[in-house]
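# Structure assessment
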Amino acid sequence: MTALLDLLRLAGPERPSLILSLVLRLAEGLLLIVPLSMAVWIAALLLDPAHVPPLPGLPGLPPAGSVAGVLGLGFLLHLLVARAAGRAGTLAGYSMTARLRRECLIRLRSPRPGRNGNTGGAGPDPASVLMTDIARLEVFPGIILPKMVQGILFPLAAIAGAMAADPVLGLPLLVAAGLLGPALLLAARLQRQAGEHLAGAGAELNDRLIDMLHGMPVLKSFALTTRHLHRAHQAMERMRDAGKALTARYVVAAICVPVLVAGAGSVTIGMATHRLIAGELTAGPFLLFLFLTLRLFGPVIELVEFSSLLQQMSISARRLSDLSGSAFTDTGLSGPISADTGPAATGPLAATVSPPDVTFRAVSLTHADGTTALREASFTAPAGRLTALVGHTGAGKTTVAHLAAGLLTPTSGQILLGGQDRAALPPHGVAELATGLATGLATGLVGMMPQHVTLFSLSVRDNIRLGRPSAPQEEIETAARRARCHDLILSMPQGYDTVLSNGGAALSGGERQRLALARLFLQDCPVMILDEATSALDVENERLVQDALSELAQGRTLIVIAHRLWTIRNADCIVVLDQGRVESCGTHNDLLGTSPVYGSLWAALSAAPGWHRGASIN
């Protein structure tokens, strides 16, 4: 029952269609009973006409044509209602799964404190939940729920009819029903536990296989493929054992419940046969009990089968809630997603000509596992200026960048854009979600380029105009020229129409960075956040990317994570982070004399053999 209620809560705006499907399924079952009941009545009338009352106005059997007409009409109505019920249930299932996927993506896009939409701590794999778990819920409105209700109501109605007709003959069926309820609840509980173990084993196997596929070059270079194959094999064995345990629990229920129902039915039919032979029961009541007993068996068997599926769906629903952090309800986002609506600025800040400053006020961040990544961080990135984030590995630079971009939500404190609390600004538009843009704010204020660029298996044109799907070709080419990648694109087989297969895997790191920069130029956000974009590039690509970054910085509030300190020595403000705290802020010359951390970083760089003072972002 708990699993059924959990799933019913998922059906928000689909509840009217779900109720319609349920009513039609019940009507379908009742319409099937009508011709079968008539057949039982005719058989009883033929066997014992003295004890079976004829229909009003008819001395005996009705005409064959009338019987055929009634039976045909009954079966025809049954088929029509079954078709309508299937259509209503299918539409409700499609609508519910589409809404749940949309809601899930929207919640992943709006992260909770200490959790990021892609990599935020322990929890279900988003891709597995979006594709496998939600797809499993699709048949709930049209098949599982109606069959479960039929499996409960029809047997209860049959037992009530049997008790009303003859309490003695109906008693075995009533006793079986009393034992059936606890047996089904126990079986559901055991299957739920086994299903959770199977889901965990499946997630572990998925992680093992993905690790192997992504890390195969590393595993080969260290001759570790055999060891990791063994780990994957162990995960497969654990999943196999979990699957066998779930099957064993289902088989117990699938055997015991039918045996219980068949035993009660056999006792009822045996008692009825004995009383019929003894002359204590006429043909009419005998056929009635025979019909009720046989009708009881089918729905109960279906109830056992669908109860197992219901437990798996309940596990999927809980994984869905675990991924998003709360139960799903109607969010009012049931309308179509427009792919042509870009992240156009709508807030009051977007209309300002000058870029806003970015201020952190006592910002702290604690991850879901209890790890504190940032402690009471306070600083201001001046409007229209370059601010650099520096510090040792693990100091909190990427955390600050993700907080500023809106990819993480602070546990405490405020992040202000132009004096306005970022948390109070409107969320992403749905169209941004549809294009896969991860830029921070729907107002179009913040754009971010991470160190590891993500390109999609789309054309070069569509990759560049990701944030502005309706941007004209002229603006796309201008952005590409400013990013120093126009000539690169023209050298591709179909130019801007070239599809980047496998997410642009054939491109070099510098080529990927320049395409990502073209995306930022076209998006034209007043606040840009860059995770060291040149740390892994060759000299030629570093020069091209550095030139593009210098142009991108003009007239914008730019926040840069710096690993190569010479690239930011001319920054207007350098924020030094140490163990999740802001150690100091200032210019390069100021920090050399006041910040021990910055001084040690610069000294280590200066002492490194072969270091050079390369180009800096101006």
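Right, let's walk through the structure included here. No experiment lies behind these values; they were computed from the predicted model shown.

Here we come to the sheet that holds strand β2 (residues 372-381). Taken in spatial order, the four strands of this open sheet run β2-β1-β4-β5, and their pairing is antiparallel. The sheet terminates laterally at β2 and β5 (420-421), the two strands that pair on one side only. Bridge count for strand β1 (residues 358-366) against strand β4 (residues 412-417) is five bridges, and the pairing is antiparallel. In the sheet register, R361 faces β4, and the bridge partner there is Q414. Packing against the sheet, helix α10 (residues 397-405) makes contact with β1, β2 and β4, and its axis sits at approximately 115° to β1.

What follows deals with unusual backbone geometry. Phi is mostly negative for residues that are not glycine, and the peptide bonds are mostly trans. Even without being glycine, E376 reaches a positive phi, approximately 50°. Within the secondary structure layout, E376 lies in strand β2. A residue is classified by how much of its surface remains accessible, and E376, at 49% relative accessible area, is partly exposed.

Looking now at the packing of aromatic side chains. Geometry of an aromatic ring pair is reported as the spacing of the ring centres plus the angle between the planes. Tallied over the full model, the rule gives one aromatic pair. Arranged with centres 4.8 Å apart and planes meeting at 20°, the rings of F360 and F379 form a pair that is stacked. One end of the pair, F360, is in strand β1; the other, F379, is in strand β2, and 19 residues separate them in sequence. You'll find F360 and F379 in the same group, each marked buried.

Turning to helix α8 (residues 225-277), a few remarks are in order. For α8, with 53 residues, the first-to-last C-alpha span of 76 Å sits near the 78 Å given by 1.5 Å per residue. Trailing α8 by a residue or two, G279 shows a phi angle of about 80°, which is positive.

What follows is about a nonpolar patch on the surface. There is a patch of nonpolar side chains on the surface, built from L73, L76, L77 and L80 and spanning about 370 Å² of accessible area. Looking at the element boundaries, L76 is found in helix α3 (residues 64-109).

Conventions used here
Residues numbered from 1 in each chain as written. Predicted model: local features only at pLDDT ≥ 70, side-chain atom pairs only at ≥ 80, totals over all residues. Heavy atoms only, no water. Pairing = 2+ DSSP bridges. Helix = DSSP H or I, 4+ residues; strand = E, 2+ residues; numbered from the N terminus. Contact = heavy atoms within 4.5 Å. Axes fitted to C-alpha atoms, helices over the stretch in contact; angles between N-to-C directions. Buried < 20%, exposed > 50% of the residue type's maximum accessible area, 1.4 Å probe, protein only. Phe/Tyr/Trp six-rings, centres within 6.5 Å; stacked < 30°, edge-to-face > 60°. Expected span 1.5 Å × (residues − 1). Patch = residues over 30% accessible without salt bridge, like charges linked within 9 Å, V, L, I, M, F, W, Y side chains within 5 Å. Areas by Shrake-Rupley, 256 points an atom, 1.4 Å probe, with all protein chains shown as cover. Salt bridge = Lys/Arg side-chain N within 4 Å of Asp/Glu carboxyl O.

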